[in-house]
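Examining the three-dimensional arrangement
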Amino acid sequence: MPSAKILSEKQELVKALVEKLDGSVAGVLVDYKGTDVTTDTEMRRKMREAGVEYAVIKNSLLRFATNDTALSDLQSFLAGPTALAIHTEDPVASAKLVAEYVGKDKPMQIKAGFVDGKVITADEVVALAKLPAKDVLVAQVLGTMIAPISGLATVLNANIRGLAVALQAVADQKSA
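Notes on the structure in this doc start here. Keep in mind that this is a model prediction, so the values were computed, not measured.

Topic: the packing of helix H2 (residues 37-50) against helix H4 (residues 93-100)
Relative to each other, H2 and H4 sit at 160°, their axes nearing to 10 Å. Here H2 lies roughly antiparallel to H4, going by the angle between them. The handedness of the crossing between H2 and H4 comes out as right-handed. Contacts between H2 and H4 involve Lys46, Met47 and Ala50 from the former and Leu97, Val98 and Glu100 from the latter. Considered class by class, the residues forming the contact of H2 with H4 number 4 nonpolar, no polar and 2 charged.

Overview of unusual backbone geometry
A positive phi angle, near 50°, is found at Asp116, a position not held by glycine. The topology assignment puts Asp116 in the loop between strand E6 (109-115) and strand E7 (118-121). With a relative accessible area of 62%, Asp116 lands in the exposed category.

Things to note about helix H1 (residues 4-23)
Between its first and last C-alpha atoms H1 spans 28 Å; for 20 residues at 1.5 Å apiece the expected length is 28 Å, and the two agree. By the burial criterion, the buried members of H1 are Val14, Leu17 and Leu21. Buried residues along H1 cover an arc of 65° about the axis, so they all sit on one side. Among the exposed residues of H1, those pointing more than 90 degrees away from its buried face are Ala4, Lys5, Glu12, Glu19 and Asp22. Contacts made by the buried residues of H1 are with helix H3 (59-66), strand E3 (83-87) and E6.

Here's the deal with the pattern of salt bridges
Under the definition given, this model contains 5 salt bridges. Lys20 serves as the salt-bridge partner of Glu53, at 2.5 Å between the closest nitrogen and oxygen. Here the residue Glu53 occupies a position in strand E2 (residues 53-56), and Lys20 occupies one in helix H1, the gap between them amounting to 33 residues. Exposure remark for Glu53: the relative accessible area of 37% places this residue in the partly exposed category. Linked by salt bridges that have partners in common, Glu42, Lys46 and Glu100 make up one network.

About the thresholds
Residues numbered from 1 in each chain as written. Predicted model: local features only at pLDDT ≥ 70, side-chain atom pairs only at ≥ 80, totals over all residues. Heavy atoms only, no water. Axes fitted to C-alpha atoms, helices over the stretch in contact; angles between N-to-C directions. Helix = DSSP H or I, 4+ residues; strand = E, 2+ residues; numbered from the N terminus. Parallel < 35°, antiparallel > 145°, perpendicular 65-115°, else oblique. Left-handed = near helix turned anticlockwise from the far one by under 90°. Contact = heavy atoms within 4.5 Å. Nonpolar A, V, L, I, M, F, W, Y, C, P; charged D, E, K, R; others polar. Buried < 20%, exposed > 50% of the residue type's maximum accessible area, 1.4 Å probe, protein only. Expected span 1.5 Å × (residues − 1). Arc of directions from axis to C-beta. Salt bridge = Lys/Arg side-chain N within 4 Å of Asp/Glu carboxyl O.

Here's what the structure looks like:
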């Protein structure tokens, strides 16, 4: 049985982890086994720059943190080495960065993830990582919304231009 001091420290860690999970819009659980130090350092630097919080988490602490929450389904993925990458604002950022370091020649593996309190599989995390950035998606939506309006403006402008040319022709004919 752990001492009261150690138990209270672990309870504080779980409490902080619950707050981080509640405050994040998305996250990815990763099996980092076999990743070399150079790759890990590079990945952590990129994550810091992107605002992604990445840390190795004890499975037991994460299990306690996800008890009685919408993320309790993550508990089935808590075996072996586990790291957690979360972001508080961008639901795609953590998935994109982790996906860069997962592949045929790279040992890191995606276990699962979550978006807005819903647990997603590793395949869904990869699909999420393939989405364009939020700014690009917003630009694409706005572009498709503006296309009919700009088409209408072009047609109306062509009619007005045609009328102006006809009036100019009539004016030129009467002055001649």
